[in-house]
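Letter by letter, the chains look like this.
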Amino acid sequence: MELEAIVAVYADWGIGAKGTQPVVLKADRRHFRDITGDAAVIVGRKTMEDFPGGKPLKGRHNIVVTRQNLEIEGAQVVHDTEEALAAAREQERCLVIGGASVYRQFFPYLDLVHVTKIELAPPSDSFFPDLDADPDWDCVEEGPRLEEDGVGYRFCTYRRRRA
Ligand SMILES: NC(=O)c1ccc[n+]([C@@H]2O[C@H](COP(=O)([O-])OP(=O)(O)OC[C@H]3O[C@@H](n4cnc5c(N)ncnc54)[C@H](OP(=O)(O)O)[C@@H]3O)[C@@H](O)[C@H]2O)c1
């Protein structure tokens with residue numbers, strides 16, 4: 001199984017500030033739903049709490065990472081990256097959906113990243129690695145420039161180079 005991630009980045013590869021995303025595009029929410037489909041997701045406990053109602057995503061297998069001893073309705077709770085990866089391998093398809101600490105820890109295991117590039121740079125305190133500057137990654141798909149409420153964005157796909 002290839003491990004995928006999906007992330008929306010601002011022009012400086014910032015992904016959020018103070019626990020949330022300062023600018024969210026409706027088109028990106030739809031794109032997120034289309035790309036994740038009914039696949040499993042790996043999500044950090046804090047990002048899950050930022051979802052509507054603070055609950056796991058409906059209609060898919062949620063693997064929630066936490067160090068706490070929690071039971072979360074509608075989710076498989078795991079306590080470290082190894083356990084999360086083992087849970088992911090039991091699924092047909094799995095995407096890492098954040099947040100910052102989760103992207104960072106799972107980055108070495110990622111094969112494919114769906115990136116929404118938003119042409120704004122509101123102040124961020126969390127960043128995704130700049131894949132354009134990383135020789136291990138190729139941009140394999142670059143969508144056309146689109147606009148929502150005057151904000152430019154595009155959907156891109158990056159694949160890790162294999163030796
Ligand atoms: N732009 C995007 O596409 C996007 C997508 C998602 C999130 N974000 C942004 O990312 C930011 C949130 O990121 P974050 O780093 O603060 O939170 P996070 O990664 O969502 O969650 C962090 C929590 O996950 C748990 N965790 C992380 N690593 C773990 C490990 N190895 N083992 C066990 N548990 C682990 C811990 O939970 P416990 O504290 O319960 O132990 C930790 O406090 C926000 O600004 C959000 O908007 C952006």
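For the structure itself, consult the block above.
Residues numbered from 1 in each chain as written. Predicted model: local features only at pLDDT ≥ 70, side-chain atom pairs only at ≥ 80, totals over all residues.

Q: Just give me the short version of the overall build of the protein chain, but keep the residues and values in it.
A: A count of helical and extended segments in the protein chain gives 4 helices and 11 strands. Radius of gyration (C-alpha) of the protein chain: 15 Å, near the 15 Å computed for a compact globule of 163 residues. The burial tally for the protein chain puts 29% of its 163 residues in the buried class. (Helix = DSSP H or I, 4+ residues; strand = E, 2+ residues; numbered from the N terminus. Rg over C-alpha atoms; globule rule 2.2 N^0.38 Å. Buried ≥ 20, exposed ≤ 12 C-beta atoms within 10 Å, placed from the backbone.)

Q: Help me get a handle on the site of the ligand, residues and values and all.
A: Lining the immediate surroundings of the ligand are 27 residues, of which Gly16, Gly44, Thr47, Gly98 and Gly99 lie closest. Considering every element that reaches the shell around the ligand, the biggest residue donor is helix 4 (residues 100–106), with 4 residues. Residue composition of the shell around the ligand, by class: 7 nonpolar, 15 polar and 5 charged. (Near = placed C-beta within 6 Å. Nonpolar A, V, L, I, M, F, W, Y, C, P; charged D, E, K, R; others polar.)

Q: Tell me about the nonpolar core, and please be specific about residues and values.
A: By size, the foremost hydrophobic cluster in this structure holds 34 residues, and its most contacted members are Ala5, Val7, Val41, Ile42, Val96 and Tyr103. Mapped by element, the contributors of at least two residues to this core are strand 1 (3–9), strand 3 (40–44), strand 4 (62–65), helix 3 (81–89), strand 6 (94–96), helix 4, strand 7 (112–118) and strand 11 (151–160). Setting aside its immediate chain neighbours within four residues, Ala5 contacts Leu95, Val96, Tyr103, Leu110 and Val113. (Core = buried A, V, L, I, M, F, W, Y, C linked by C-beta atoms within 7 Å. Contact = placed C-beta atoms within 7 Å.)

Q: I'd like to hear about the pairing of strand 11, residue by residue, with values.
A: Where strand 7 lies against strand 11, 7 bridges are found, and the strand directions are antiparallel. Looking at the pairing, Lys117 lines up with Arg154 of strand 11. Strand direction decides the pairing type here: strand 9 (residues 137–142) and strand 11, joined by 5 bridges, are antiparallel. Within strand 11, the residue paired with Asp138 across the bridge is Arg159. Bridging between strand 10 (residues 146–148) and strand 11 involves 3 bridges; their strand directions are antiparallel. Opposite Glu147, over in strand 11, you have Gly152 as the bridge partner. Where strand 10 hands over to strand 11, the hairpin turn is made up of 2 residues, of which Asp149 adopts a positive phi near 50°. (Pairing = 2+ DSSP bridges.)

Q: Quick one: what's the story with the pairing of strand 7, residue by residue and with numbers?
A: Burial analysis of strand 7 places 5 of its 7 residues in the buried class, which makes it a mostly covered element. The pairing of strand 1 with strand 7 spans 6 bridges and is parallel. If you follow Val9 over to strand 7, its bridge partner there is Lys117.

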